Amino acid sequence: MGPNGEQVGIVSIHDALKLAQEADLDLVEVAATARPPVCKLMDYGKFKYESAMKAREARKNQAHTIIKEIKLRPKIDPHDYETKKGHVVRFLKAGDKVKVTIMFRGREQSRPELGFRLLQRLADDVQELGFVESHAKQDGRNMIMVIGPHKKKAEAKAEKAAAKAQRGGEEPSPPEE
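Values in this document were obtained by computation on a predicted structure and should not be read as measured data. (Residues numbered from 1 in each chain as written. Predicted model: local features only at pLDDT ≥ 70, side-chain atom pairs only at ≥ 80, totals over all residues. Heavy atoms only, no water.)

**Let's talk about the pattern of salt bridges**
Move 1: Under the criterion given, the structure shown has four salt bridges.
Move 2: One salt bridge in this structure joins Arg73 and Glu108, with 3.0 Å as the shortest N-O distance. Placement of Arg73 in the loop between β3 (67-72) and α3 (78-93) and of Glu108 in the loop between β4 (97-103) and α4 (112-125) is noted, with a sequence separation of 35 residues between them.
Move 3: Overall, the relative accessible area of 26% leaves Arg73 in the partly exposed class.
Move 4: The class for Glu108 is buried, based on a relative accessible area of 12%. (Salt bridge = Lys/Arg side-chain N within 4 Å of Asp/Glu carboxyl O. Helix = DSSP H or I, 4+ residues; strand = E, 2+ residues; numbered from the N terminus. Buried < 20%, exposed > 50% of the residue type's maximum accessible area, 1.4 Å probe, protein only.)

So, in structure tokens, the structure goes:
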């Protein structure tokens, strides 16, 4: 293949290298397994740079899933529970996973069903925003459950940006006289 992508045809290696030198380009083997092998005339340094830039851009746009953690106790006040539930809702709306940990102390360890019921209640309360990724399981003094969001991190970012643009677009009306 020529420097502009045009077909040159079957050419000997010697002639192909001569064409590359005349055009001040590199002869790069594109498909080695093809018969005859397919080569292309290109600036290899520029090609590597552009592919590295594309890879960097793809990494930059990639969304990283973060696991946020909320810690509760079995004997939690209703207001404290609502506050913690608000945090879980905020994390799920942002597209993050939430690890909910219930810490048992002393006699509370003999009543794991209290923690299980609390986790079930929390899962039911945030059901429209997320789903239970791993069910409640006892791990020593703690009981752990992971809740995943229904929408992906990228979707949540796009929604947030759209809402911000919409708020920015609305200008306050001038005061009437």
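From this point, the narrative continues.
**Comments concerning a negative patch on the surface**
Move 1: Side chains of Asp24, Asp26, Asp43 and Glu50 sit close together on the surface and give a patch of like negative charge.
Move 2: Inspection of the secondary structure puts Asp24 in the loop between α1 (13-22) and β1 (26-31). (Patch = residues over 30% accessible without salt bridge, like charges linked within 9 Å, V, L, I, M, F, W, Y side chains within 5 Å. Areas by Shrake-Rupley, 256 points an atom, 1.4 Å probe, with all protein chains shown as cover. Lys, Arg positive; Asp, Glu negative; His and termini not counted. Charge placed at Lys NZ, Arg CZ, Asp CG, Glu CD.)

**Regarding the layout of surface pockets**
Move 1: Put simply, the largest pocket is a space of about 440 Å³.
Move 2: Going through the elements one at a time, α1, β1 and β2 (38-42) are the ones with two or more residues in the lining of the largest pocket.
Move 3: Among the residues making up the lining of the largest pocket, the classes are represented as 13 nonpolar, three polar and one charged.
Move 4: Estimated volume of the second largest pocket: approximately 180 Å³.
Move 5: Lining of the second largest pocket is provided by Arg90, Lys93, Ala94, Lys151, Ala156, Lys157, Glu159 and Lys160.
Move 6: Considering each element in turn, the lining of the second largest pocket owes the most residues, four residues, to helix α5 (residues 153-169).
Move 7: Counted by class, the lining of the second largest pocket contains two nonpolar, no polar and six charged residues. (1 Å grid on protein atoms, 1.4 Å probe; cavity = no way out; pocket = protein on both sides within 12 Å on 5 of 7 lines; lining within 4 Å. Points joined across faces, edges and corners; volume = space filled by probe spheres on them. Nonpolar A, V, L, I, M, F, W, Y, C, P; charged D, E, K, R; others polar.)

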